[in-house]
Amino acid sequence: MTGDFACRVWHPVRVLPFLLPVSAAIAQTDPSALQWLQRIYAASEKLSYTGTFVYQQGQRSETSSIVHVADSTGPRERLETLNGIPREIVRTGDEVVCYLPASSTMKIDKQPGRRPFPAILSEQLKDVSENYTVKKGDVERVVGYSCQVLNLVPKDRLRYGHRLWADVSTGMLLQAKTYNEKNEMLEQFFFTQIKIGPVGRDQLRPRYSRQTKDWRIEDSAATRANLAESGWTIRSKPPGFRTVAELMRTVGGTGGVGHIVLSDGLAAISVFIEPVSGKRPSPQAGLSRQGAINVYTRPVGNYWVTVVGEAPAESVKYVANAVEYHK
Amino acid sequence: MKEKLSAIIDGELEGEIQAHITRLRSDPELRAAWDTYHLIGDALRGHLCREIAPRVISRLREEPTVLAPRQRAASAARRFGWYGMYATASAAAVAVVAWTAFPGWHGDPQLAAGTVATTADVPSENVVVDWPSSDVENYLLAHQAYSHVSAMQGVAPFVRGVSEERVAASK
């Protein structure tokens, strides 16, 4: 099975069109466009704002409110969905807490492998410019702000394209669209209202406190790990992707789940290696997707390998099929 | 004729190939069937190319010798018999179409279940399955934090899971 996959992937007729740059990407990255990307990352860490944004994917859209406070203690965020099932997400530093009042569940996730800004920035921008052509577009208006348009065109078909709208005066990202290889929009985020400027810390207080309810707590308890020592390797990675984190964690109440993160500087692909458990139903092998996220699951021995990424199905499957276990 | 076409793709009718190719060239319905079988084969082998018709037709015109027997498909057919092969392939193709037409996590559960059952150890990489939303959500939550796309947007991408939960609830 794995041998077959390697043959298929590297068959020259198959692989060449797959790896050849698309014609639009022949143009070189504009250095000032890369600086704009840097401004966007900086703004996401250093600005305070409150606003309402819409996530749209296909026929579905979700409206949420967001509060973002940046001060000497680092950025903190609170997001609350405004329609549909209530949910609240609060991020403080490396910790993300997700309140799901409908199921009285509180999910806590810490990211020990997540390196703080701006340590990641220079190598990340290098990766981005190797894998995407970044070009400045026009200045367009979004939610009342003049925005610089940035086009990130993938250099091959292993990743998606992005178009970003960033406020000219602050660098704040106000709209982002993701496109597939046929230039069809897969999903977008856009603000419908935003106020950039100082925000009171009281607005960060969660609506659902830990005391008000009998919450079922699911803690990811993630720790750094060396999965190669446990016998898990990724035989080959899609060009442009490299490993950026390796963890052991609990996922949905199942402990001992390996988690490897690959990144091309912009898109990330997560590999989850979960022991088969009698406690809950097994996931089904196969592919599923939502917007720009593809998920692919396959069994490897007594484990389920699930790969999640905001990348084309080909890339996600490539990674899943390259996961190997050697004792 | 369509069964024979299927057999050609799997390299089981080498002696008669030339005659079939001549008919294939002149009959649009057969050409469509040809495309479908290739789509099915590609789906089973884990490839999906959406420009199959022009590609196959241009190859047929220029280079009939590309119709070399394909060992893997033929062996799969032998293992499951023709009916099994065809049923499996059709289900996979429909599932792929369903996936393309209705973006979202869930394919048709019946279709997916039927496909998984009939494929046994045949790779079914493009088959879309119905996935319990809580699993996807847990993985998404764990994944989002490491995405640099997400980093630009703060916690905004975490609402992806919200859409999923809504769909699950409205089923």
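Residues numbered from 1 in each chain as written. Chains lettered and ligands numbered in written order. Predicted model: local features only at pLDDT ≥ 70, side-chain atom pairs only at ≥ 80, totals over all residues.

## Some details on the overall build of chain B
- Counting its regular elements, chain B contains nine helices and zero strands.
- Secondary structure elements in chain B, listed N-terminal to C-terminal, are α-α-α-α-α-α-α-α-α.
- For chain B, buried positions account for 41% of its 171 residues.
- Taking the contacts inside chain B whose residues are at least 6 apart along the sequence as the reference set, 59% of them involve residues at least 24 apart. (Helix = DSSP H or I, 4+ residues; strand = E, 2+ residues; numbered from the N terminus. Buried ≥ 20, exposed ≤ 12 C-beta atoms within 10 Å, placed from the backbone. Contact = placed C-beta atoms within 7 Å.)

## A closer look at the environment of P312 of chain A
Residue and element names in this part refer to chain A.
- Considering the arrangement of structural elements, one finds P312 in the loop between strand 20 (303–309) and helix 5 (313–322).
- With 23 residues separating them along the chain, P312 and R289 place their C-alpha atoms 9.6 Å apart.
- Aside from chain neighbours lying at most four places away, what touches P312 is R157, L158, Y160, N180, E181 and N294.

## What about the pairing of strand 19 (residues 293–300) of chain A?
Residues and elements named next belong to chain A.
- The element strand 19 is extensively covered by neighbouring structure, given that six of its eight residues are classed as buried.
- As judged from the five bridges shared by strand 18 (residues 286–290) and strand 19, these two strands associate in the antiparallel manner. Bridged to R289 within strand 19 is N294.
- Hairpin geometry of strand 18 and strand 19 is characterised by an intervening segment of two residues between the two adjacent antiparallel strands and by a positive phi of about 55 degrees at G291.
- In the sheet, strand 19 pairs with strand 20 via seven bridges, with the strands oriented antiparallel. In the sheet register, P299 faces strand 20, and the bridge partner there is W304.
- From the end of strand 19 to the start of strand 20, which pair antiparallel, there are two residues, and G301 there has a positive phi angle of about 60 degrees. (Pairing = 2+ DSSP bridges.)

## Some thoughts on the sheet that holds strand 1 (residues 49–57) of chain A
All names here are of chain A.
- Pairing is mixed in the open sheet, where 12 strands are placed in the order 7-8-9-10-11-1-2-3-4-5-6-12. Two strands in the sheet have a free side with no partner beyond their single neighbour: strand 7 (132–142) and strand 12 (216–219). Pairs of neighbouring strands in the sheet enclose a mean axial angle of 15 degrees, with direction left out of account.
- Each of strand 2 (60–71), strand 3 (74–81), strand 7, strand 8 (145–154), strand 9 (161–167) and strand 10 (173–179) touches helix 3 (residues 31–46); the most contacted strand, strand 7, lies at about 65 degrees to it. (Axes fitted to C-alpha atoms, helices over the stretch in contact; angles between N-to-C directions.)

## Points about the sheet that holds strand 19 of chain A
Residue and element names in this part refer to chain A.
- Read across the open sheet, the seven strands follow the order 13-15-16-17-20-19-18; overall the sheet is antiparallel. Each edge of the open sheet carries a strand with a single partner, namely strand 13 (223–224) and strand 18.
- The pairing of strand 16 (residues 254–263) with strand 17 (residues 268–275) spans six bridges and is antiparallel. When the sheet's bridge partners are listed, S263 is paired in strand 17 with A268.

## Quick look at the nonpolar core
- In terms of nonpolar packing, the biggest core is built from 83 residues, with A166, V271, V307 and V319 of chain A touching the most fellow members.
- Ignoring sequence-local partners within four residues, the contact set of V307 of chain A consists of I269, S270, V271, Y296, V316, V319 and A320 of chain A. (Core = buried A, V, L, I, M, F, W, Y, C linked by C-beta atoms within 7 Å.)

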